[in-house]
Amino acid sequence: MRAIWKGAIAFGLVNVPVKVYSATEDHDISLHQVHNADGGRIRYQRRCEVCSKIIDYSDIDKAFEDEGRTVVLSKDELKSIPAENSHEIEVVQFVPSEQLEPMMFEKSYYLEPDSKSPKAYVLLRRALEDTDRVAIVQFALREKTRLGALRIKDEVLVLQSLLWPDEVRDASFPALDTSIRISAQEREMSAALVESMAADFEPEHFTDDYQVQLRKLIEAKLEKGDSLDTDETFGAEAGGGGNGEVIDLMEALKRSLERKRGSGKPAASEDADSEDADDAGTGESADSSGGKAPAKAGAKTAGTGTSSAKTAAAKSSGTKTAASNPAAKATTTRARKGA
């Protein structure tokens with residue numbers, strides 16, 4: 001890793017010299033634009049609309065427009081802003097971590113001690129550990145004054161830049177102001193589905209499917225050229241997905257629970273009655289709209305569920321027997337549609 005910035009954490013009268021490194025990186029496959037007729041690379045030019053010349057970066061300044069007036073700011077003028085010249089990460093307060101709104105987190109940086117003796121660095125780290133708090137800091141980086149949170153990860157101080165409060169939009173959705181009635185059965189079944197999919201978060205169990213499939217497409221194209229058949233590459237099941245519309249919420253919950261239980265067959269009862277709440281097996285690896293949820297994350301708890309879910313096994317045994325008969329299942333489906 002290469003340090004992107006050097007400075008010092010101001011912890012009261014204690015200075016902690018540090019080097020700053022980006023803690024994250026982009027793993028996406030890099031694609032560029034080409035002309036679809038001849039494969040020529042598409043390039044963007046910095047062309048002045050007054051003289052029509054192509055301009056080098058060294059000859060570009062920045063400007064601000066206000067009611068038809070343009071203010072041009074040179075590089076030297078921008079560098080004269082005091083905050084831009086500050087290399088201090090100032091600790092302003094220590095707060096409980098639960099008071100930080102996750103939506104405000106922006107980017108993470110590792111801080112490495114940058115002195116012959118890392119004692120001050122270790123002292124600050126211990127102070128955060130002993131008090132179980134997060135340090136709120138202010139600093140300037142890349143032409144912007146930033147708010148940040150200083151915490152610990154694996155014995156290393158991590159600086160997370162935060163959005164300013166006015167950068168987080170208010171959520172105002174009129175649809176949520178309407179009165180919605182949720183039945184006790186629906187709440188119990190949804191709770192059972194959540195419980196059946198409960199697990200400890202282990203991010204290494206998840207993969208970026210799009211990047212994996214994009215790599216597969218690139219390799220297939222390199223091998224077969226223009227004769228590439230995408231259906232053959234990805235299989236007939238590519239595409240698909242639900243439209244997000246839930247017609248019968250109780251039926252969707254019921255089918256989800258049965259599929260998670262491993263039957264893979266829809267429930268064969270007529271309507272959602274009181275037994276629907278008890279028919280809570282071990283959930284499903286899909287949401288109510290039919291979209292698949294991460295199966296790996298829930299794999300460890302495939303056998304878990306609430307007490308009502310366990311009772312369902314006995315109560316729904318007759319239903320499952322009827323549903324196992326294709327003819328009976330078809331008859332039940334037609335009966336439901338007719339209703």
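Preceding block: the structure.
Residues numbered from 1 in each chain as written. Predicted model: local features only at pLDDT ≥ 70, side-chain atom pairs only at ≥ 80, totals over all residues. Heavy atoms only, no water.

Q: Break down the nonpolar core for me, citing the residues and quoting the values.
A: I9, I89, L111, V137, L150 and L159 are the most contacted members of the largest nonpolar core, which has 19 residues in total. Counting residues per element, the ones that place at least two in this core are β1 (5-11), β2 (14-22), β5 (88-95), β6 (105-113), α2 (119-131), β7 (134-140) and β9 (156-162). Ignoring anything within four residues of it in the chain, the contact list for L111 reads I9, V18, K19, V20, Y121, L150, V156, L157 and L159. V95, L100, M104 and L147 belong to the second largest nonpolar core, which has 8 residues in total. (Core = buried A, V, L, I, M, F, W, Y, C linked by side-chain atoms within 4.5 Å. Buried < 20%, exposed > 50% of the residue type's maximum accessible area, 1.4 Å probe, protein only. Helix = DSSP H or I, 4+ residues; strand = E, 2+ residues; numbered from the N terminus. Contact = heavy atoms within 4.5 Å.)

Q: Describe the pattern of salt bridges, with residues and values.
A: Under the criterion given, the structure shown has 8 salt bridges. In this structure, K75 and D61 form a salt bridge, with 3.8 Å as the shortest nitrogen-oxygen distance. One end of the pair, K75, is in helix α1 (residues 75-79); the other, D61, is in the loop between β2 and β3 (62-66), and 14 residues separate them in sequence. Residue classification places K75 among the partly exposed residues on the basis of a relative accessible area of 38%. (Salt bridge = Lys/Arg side-chain N within 4 Å of Asp/Glu carboxyl O.)

Q: Give me the lowdown on the pairing of β3, citing residues and values where you can.
A: Burial analysis of β3 places just 0 of its 5 residues in the buried class, a small minority of the element. Following β3, the chain reverses through 2 residues before pairing antiparallel with strand β4 (residues 69-73); E67 in that reversal takes a positive phi of roughly 50 degrees. (Pairing = 2+ DSSP bridges.)

Q: So what's going on with helix α4 (residues 209-224)? Which residues, and what values?
A: With 16 residues, α4 ought to run about 22 Å at 1.5 Å a step, and its terminal C-alpha atoms sit 22 Å apart, in line with that. Among the residues making up α4, those that are buried are Q211, L214 and A220. Of the surrounding secondary structure, the elements contacted by the buried residues of α4 are α5 (230-234). Positive phi appears at G225, one or two residues downstream of α4, with a value of about 65 degrees. (Expected span 1.5 Å × (residues − 1).)

Q: Now, about unusual backbone geometry: what can you tell me, with residues and values included?
A: Unusually for a residue other than glycine, E67 sits at a positive phi of about 50 degrees. Relative to the helices and strands, E67 is located in the loop between β3 and β4. For E67, a relative accessible area of 78% translates into the label exposed. Although it is not a glycine, D154 sits at a positive phi angle of roughly 50 degrees. Position of D154 relative to the elements: it lies in the loop between β8 (145-153) and β9. With a relative accessible area of 61%, D154 lands in the exposed category.

Q: Tell me what's going on with the state of the cysteines, and back it up with residues and numbers.
A: Under the criterion given, the structure shown has 0 disulfides. Its sulfur unpaired, C48 is 3.7 Å from the next cysteine sulfur, which belongs to C51. Exposure remark for C48: the relative accessible area of 25% places this residue in the partly exposed category. In this structure C51 comes out as partly exposed when scored by relative accessible area, which is 40%. (Disulfide = S-S within 2.5 Å.)

Q: Describe the pairing of β9, naming the residues involved and giving the relevant values.
A: For β9, the tally of buried residues reaches 6 of 7 residues, placing the bulk of the element in the interior. Pairing analysis gives 5 bridges linking β6 to β9, with the strands arranged antiparallel. Paired with Y110 across the bridge in β9 is V158. Where β8 and β9 come together, 7 bridges link them in antiparallel fashion. Directly across from I152, in β9, lies its bridge partner L157.

Q: Residue-level account of the environment of G12, with values.
A: Summarising the element assignment, G12 is placed in the loop between β1 and β2. The exposure class assigned to G12 is exposed, which follows from its relative accessible area of 65%. Sequence-wise, G12 and V91 are 79 residues apart; in three dimensions their C-alpha atoms are separated by 7.6 Å.

Q: Any chance you could break down a nonpolar patch on the surface for me, citing the residues and the numbers?
A: On the surface, a cluster of nonpolar side chains totalling about 260 Å² of accessible area is made up of F64, V71 and L73. Mapping V71 onto the fold places it in strand β4. Here V71 falls in the partly exposed class, since its relative accessible area comes to 41%. (Patch = residues over 30% accessible without salt bridge, like charges linked within 9 Å, V, L, I, M, F, W, Y side chains within 5 Å. Areas by Shrake-Rupley, 256 points an atom, 1.4 Å probe, with all protein chains shown as cover.)

Q: Explain the sheet that holds β1 to me, and be specific about the residues and the numbers.
A: Strand order in this closed barrel of 7 strands is β1-β2-β6-β9-β8-β7-β5, and the pairing throughout is mixed. Taken pair by pair, the neighbouring strands of this sheet meet at an average axis angle of 40 degrees, ignoring direction. Here β5 runs beside β7; their pairing, made up of 5 bridges, is antiparallel. Its bridge partner lying in β7, E90 is registered against Q138. Of the strands in this sheet, β1, β2, β5, β6, β7, β8 and β9 touch α2, which is tilted by about 80 degrees from β8. (Axes fitted to C-alpha atoms, helices over the stretch in contact; angles between N-to-C directions.)

Q: Lay out the packing of helix α3 (residues 184-196) against helix α6 (residues 249-261) with the relevant residues and their values.
A: Two numbers describe how α3 lies on α6: the axes approach to 10 Å, and their chain directions differ by 30 degrees. One finds that α3 runs roughly parallel with respect to α6. Relative to α6, α3 is oriented so that their crossing is left-handed. From α3, Q185, E186, M189, S190, A192, L193 and S196 reach across to α6, where they touch L249, M250, L253, K254, S256, L257 and K260. Class assignment of the residues belonging to the contact of α3 with α6 gives a composition of 7 nonpolar, 4 polar and 3 charged. (Parallel < 35°, antiparallel > 145°, perpendicular 65-115°, else oblique. Left-handed = near helix turned anticlockwise from the far one by under 90°. Nonpolar A, V, L, I, M, F, W, Y, C, P; charged D, E, K, R; others polar.)

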